[in-house]
Amino acid sequence: MSFKDRVAVITGASSGIGAELAGQLAAAGARVGLVALPENALYATMESIRGRGGVATAVEADVSDRDSVRHAIARVEAELGPIDLLIANAGIGLGTPATPFEAGGFETLMRVNYLGIVYAIEATLPGMLERGRGRIAGISSLSSYRGSPLVSGYIASKAAVAALLEGLRVELKPFGVSVTTVRPGFVRTPMTASIRSPRFMVEVEPAARAILKGIAEGRAEVRFPWQASWAMGLLRLLPCTVYDHIISKAMNKKVIDDAE
């Protein structure tokens with residue numbers, strides 16, 4: 001897939017991976033719709049793209065609100081044309097410890113990380129099916145393969161995204177719509193700024209480049225960095241008793257490191 005003269009819409013496009021994806025797509029000749037919460041960074045990203053000669057429009061939307069997403073997608077199409085590529089990128093990270101166990105954080109994570117993608121697909125897929133072509137990419141996570149203490153809500157939301165996209169990939173292929181699941185490890189963005197000494201951190205520019213390369217090649221999954229992908233692949237194969245022991249030791253070490 002060449003991105004030149006294509007219309008791409010990106011949710012969560014005001015900063016981090018979303019903003020970088022928008023810039024790289026515009027540089028490749030795409031007309032880019034930026035969808036994100038109302039904030040100065042959203043319009044700064046749009047103006048940055050336009051300042052480099054690209055075509056971009058910014059639309060405010062809350063991805064956890066179905067009507068807000070639908071109206072945003074309609075505005076992008078009205079200004080730029082039918083959407084060829086959806087990158088459902090918007091997401092948040094929240095801790096959800098077992099004590100105290102409170103449903104509010106889980107609800108917020110599922111509304112933004114999972115339903116936000118569902119709403120974006122709902123708004124863009126009918127047009128793709130009508131035209132018999134289109135591409136959908138959604139951001140899951142390498143962490144979605146197995147649960148982990150303190151962030152089980154985040155991981156559950158990303159696992160739901162991966163399961164959704166895998167099912168849609170098979171179902172939509174005969175209709176000319178391809179689906180790519182993106183499972184990144186740690187990427188240096190505002191969301192990961194509070195993580196202390198993460199291993200295998202990827203800068204945002206090569207992360208976005210890897211994502212777009214995978215989409216252009218029509219790959220079913222994009223996973224990076226390779227070190228973290230390999231390690232998670234190994235962890236997936238471990239029996240629960242071994243996995244629990246490893247994760248418990250890692251969690252105890254983190255508690256000690258944070259206390260120092």
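Because the structure is predicted, anything quoted here is derived from the model rather than measured.

Concerning the overall build of the chain
Each helix and strand counted, the chain has eight helices and seven strands in total. Relative to the globule expectation of 18 Å for 260 residues, the C-alpha radius of gyration of the chain, 18 Å, shows essentially globular dimensions. Dimensions of the chain, computed from the C-alpha atoms along their principal axes, are close to 55 × 40 × 35 Å. Counting the 260 residues in the chain, one finds 43% classified as buried. Carbon together with sulfur atoms contributes 58% to the accessible area of the chain, which is approximately 12900 Å² in total.

A look at the pattern of salt bridges
Two side chains with opposite charge may pair up if their charged atoms get near one another. Following the criterion strictly, the structure yields twelve salt bridges and no others. With a shortest N-O distance of 2.4 Å, Arg 133 and Asp 84 are connected by a salt bridge. You can see Arg 133 sitting in the loop between α4 (103-131) and β5 (134-139) and its partner Asp 84 sitting in the loop between α3 (66-80) and β4 (85-88), a full 49 residues away along the chain. You can call Asp 84 buried: its relative accessible area is 9%. Where Arg 188 meets Glu 203, a salt bridge forms, and the shortest distance between an N and an O atom there is 2.7 Å. One end of the pair, Arg 188, is in the loop between β6 (177-184) and α6 (204-216); the other, Glu 203, is in the loop between β6 and α6, with 15 residues separating them in the sequence. The class of Glu 203 is partly exposed, set by a relative accessible area of 39%. One continuous salt-bridge network, built from bridges that share partners, spans Arg 183, Glu 221 and Arg 223.

Description of the pairing of β5
Most of β5 is tucked away, with five of its six residues classed as buried. Bridge analysis of β5 against β6 gives six bridges, and the strand direction is parallel. Residue pairing in the sheet places Gly 138 in a bridge with Thr 181 of β6.

So, the packing of α4 against helix α5 (residues 152-172)
Interaxial distance between α4 and α5 falls to 8 Å at its minimum, and their mutual angle equals 20°. As summarised for this structure, α4 and α5 are arranged roughly parallel, according to the angle between their axes. Regarding α4 and α5, the two cross each other, and that crossing is right-handed. Judged by residue contacts, Phe 106, Leu 109, Met 110, Asn 113, Tyr 114, Ile 117, Val 118, Ile 121, Leu 125 and Leu 129 of α4 engage Ser 152, Gly 153, Tyr 154, Ala 156, Ser 157, Lys 158, Ala 160, Val 161, Leu 164, Leu 165, Leu 168 and Leu 172 from α5. Class assignment for the residues of the contact of α4 with α5 results in 17 nonpolar, four polar and one charged.

Topic: the nonpolar core
Ranked by size, the top nonpolar core spans 32 residues in total, and within it Leu 25, Leu 34 and Ile 87 carry the most contacts. Listed in part, the 29 residues of the second largest apolar core include Val 63, Leu 80, Leu 86 and Val 161.

Notes on α5
Across its 21 residues, α5 extends 30 Å between first and last C-alpha, which sits within 8% of the 30 Å expected from 1.5 Å per residue. Where α5 is concerned, the buried positions are Gly 153, Tyr 154, Ile 155, Ser 157, Lys 158, Val 161, Ala 162, Leu 165, Leu 168 and Leu 172. Packing partners of the buried residues in α5 comprise α4, β5 and β6.

A word on the packing of aromatic side chains
Summed over the entire model, instances satisfying the criterion amount to one aromatic pair. Their ring planes at 35° and their centres at 4.9 Å tell us that Phe 101 and Phe 106 sit as a pair that is tilted. Directly above the ring of Tyr 243 sits Arg 146, whose terminal nitrogen or CZ lies 4.0 Å from the centroid.

Structural notes on the environment of Glu 221
Note on placement: Glu 221 falls in strand β7 (residues 221-224). Remark: the alpha-carbon pair of Glu 221 and Thr 181, spanning 40 residues in sequence, is separated by 4.7 Å. Beyond its immediate stretch of four places on either side in the chain, Glu 221 contacts Tyr 145, Thr 181 and Arg 183. Here Arg 183 takes part through its side chain, which lies 3.1 Å from a polar atom of the side chain of Glu 221. Side chain to side chain, Glu 221 and Arg 223 meet in a polar contact 2.5 Å long.

Reading the values: rules and limits
- Residues numbered from 1 in each chain as written.
- Predicted model: local features only at pLDDT ≥ 70, side-chain atom pairs only at ≥ 80, totals over all residues.
- Heavy atoms only, no water.
- Helix = DSSP H or I, 4+ residues; strand = E, 2+ residues; numbered from the N terminus.
- Rg over C-alpha atoms; globule rule 2.2 N^0.38 Å.
- Buried < 20%, exposed > 50% of the residue type's maximum accessible area, 1.4 Å probe, protein only.
- Areas by Shrake-Rupley, 256 points an atom, 1.4 Å probe, with all protein chains shown as cover.
- Salt bridge = Lys/Arg side-chain N within 4 Å of Asp/Glu carboxyl O.
- Pairing = 2+ DSSP bridges.
- Axes fitted to C-alpha atoms, helices over the stretch in contact; angles between N-to-C directions.
- Parallel < 35°, antiparallel > 145°, perpendicular 65-115°, else oblique.
- Left-handed = near helix turned anticlockwise from the far one by under 90°.
- Contact = heavy atoms within 4.5 Å.
- Nonpolar A, V, L, I, M, F, W, Y, C, P; charged D, E, K, R; others polar.
- Core = buried A, V, L, I, M, F, W, Y, C linked by side-chain atoms within 4.5 Å.
- Expected span 1.5 Å × (residues − 1).
- Phe/Tyr/Trp six-rings, centres within 6.5 Å; stacked < 30°, edge-to-face > 60°.
- Lys NZ or Arg CZ within 6 Å of the ring centre and 35° of its normal.
- Polar contact = N/O pair within 3.5 Å; in protein donor to acceptor, adjacent residues only side chain to side chain.

Nothing here speaks to function; it is geometry throughout.
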